[in-house]
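Notes for the structure review
Here is how the chains run, residue by residue.
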Amino acid sequence: MPTTTALDQALNIADGALRTLFAKPHASRTCPTVPSQATELSAEDKSLSGALMRVNHVGEVCAQALYAAQALGTRDPVLRMHFLDASREEGDHLAWTKDRLDKLGARPSLLNPLWYAGAFGLGLVASRLGDSLSLGFVVETERQVEAHLATHLEHLPTGDHESRAIVAQMKDDEARHARAAEKAGSTPLPAPVRLLMRSAAKVMTTVAYRI
Ligand SMILES: [Fe+2]
Ligand SMILES: [Fe+2]
């Protein structure tokens with residue numbers, strides 16, 4: 001049976017990071033669209049949508065890093081598959097948000113390598129706490145992302161049907177990821193950790209809105 005060496009692991013980590021940050025992402029599911037409602041946006045609305053979708057794209061860059069790190073950190077092959085399956089769905093979100101950014105004429109965050117590295121480190125820390133807390137971290141992250149996406153549905157221009165369709169589908173998917181992690185045997189995180197995560201997310205979303 002082939003064994004995975006430290007070099008294989010390092011190459012896999014580098015490959016995942018480079019693909020997320022620099023390759024054109026491909027979705028396995030069709031991007032949610034509302035074909036009957038053509039999107040006509042003013043310059044101001046376009047700029048607002050671009051900033052909000054940049055934040056969501058950063059969230060998906062982080063999701064790739066978190067799931068990759070947590071898959072790497074667990075010794076349970078079933079749980080590793082769980083993380084990798086979720087990561088594939090997050091890959092759709094990454095592709096949809098990047099495509100939407102391109103169509104809005106907006107750029108991804110310049111700090112994406114930094115966001116990826118930070119999230120990867122956080123994912124490794126979570127996995128060191130053991131599988132059930134690592135799953136608890138997924139539950140909390142996905143719930144916070146779901147709540148964050150709900151606020152974006154309030155703030156996105158009402159005429160931007162395309163961004164809204166993507167965000168609505170992502171919100172449903174994140175809620176499902178939280179339920180799946182719960183079902184897989186998560187332990188709830190302590191309240192101070194949840195608060196810390198919310199504060200870190202606030203910093204990330206505020207910075208990514210602009211840079
Ligand atoms: Fe996602
Ligand atoms: Fe998710």
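Scroll up to find the structure this text is about.
Heads up: these notes are all about the structure in this document. Everything numeric in this text was worked out from a predicted model, so none of it was measured.

Right, let's talk about the coordination of the iron ion (ligand 2) for a bit. At this site the iron ion (ligand 2) is bound by E90 (OE), E142 (OE), E142 (OE), E174 (OE) and H177 (ND1), with donor distances of 1.9 to 2.3 Å. Look at where the donors of the iron ion (ligand 2) fall in the sequence and you get E-x51-E-x31-E-x2-H.

Turning to the layout of surface pockets, a few remarks are in order. Where empty space is left can be seen by rolling a probe of water-molecule size over the atoms. Quantified by volume, the largest pocket comes out at close to 1200 Å³. Of all elements in the fold, only helix 2 (43-73), helix 4 (112-128), helix 5 (131-155), helix 6 (161-183) and helix 7 (191-210) reach the threshold of two or more residues within the lining of the largest pocket. No other element matches helix 5, which puts 12 residues into the lining of the largest pocket. Here the lining of the largest pocket is composed, by residue class, of 28 nonpolar, 11 polar and six charged. Here the second largest pocket defines a volume of roughly 870 Å³. Lining the second largest pocket are 27 residues; nearest its centre among them are G16, Q64, A68, L84 and S87. If you list the elements that add at least two residues to the lining of the second largest pocket, you get helix 1 (6-22), helix 2, helix 3 (77-104) and helix 4. Of the residues assigned to the lining of the second largest pocket, the class counts are 10 nonpolar, 11 polar and six charged.

So, how was this worked out
Residues numbered from 1 in each chain as written. Chains lettered and ligands numbered in written order. Predicted model: local features only at pLDDT ≥ 70, side-chain atom pairs only at ≥ 80, totals over all residues. Heavy atoms only, no water. Donors = N, O, S within 2.8 Å, 3.2 Å for Na, K, Ca; no water. 1 Å grid on protein atoms, 1.4 Å probe; cavity = no way out; pocket = protein on both sides within 12 Å on 5 of 7 lines; lining within 4 Å. Points joined across faces, edges and corners; volume = space filled by probe spheres on them. Helix = DSSP H or I, 4+ residues; strand = E, 2+ residues; numbered from the N terminus. Nonpolar A, V, L, I, M, F, W, Y, C, P; charged D, E, K, R; others polar.

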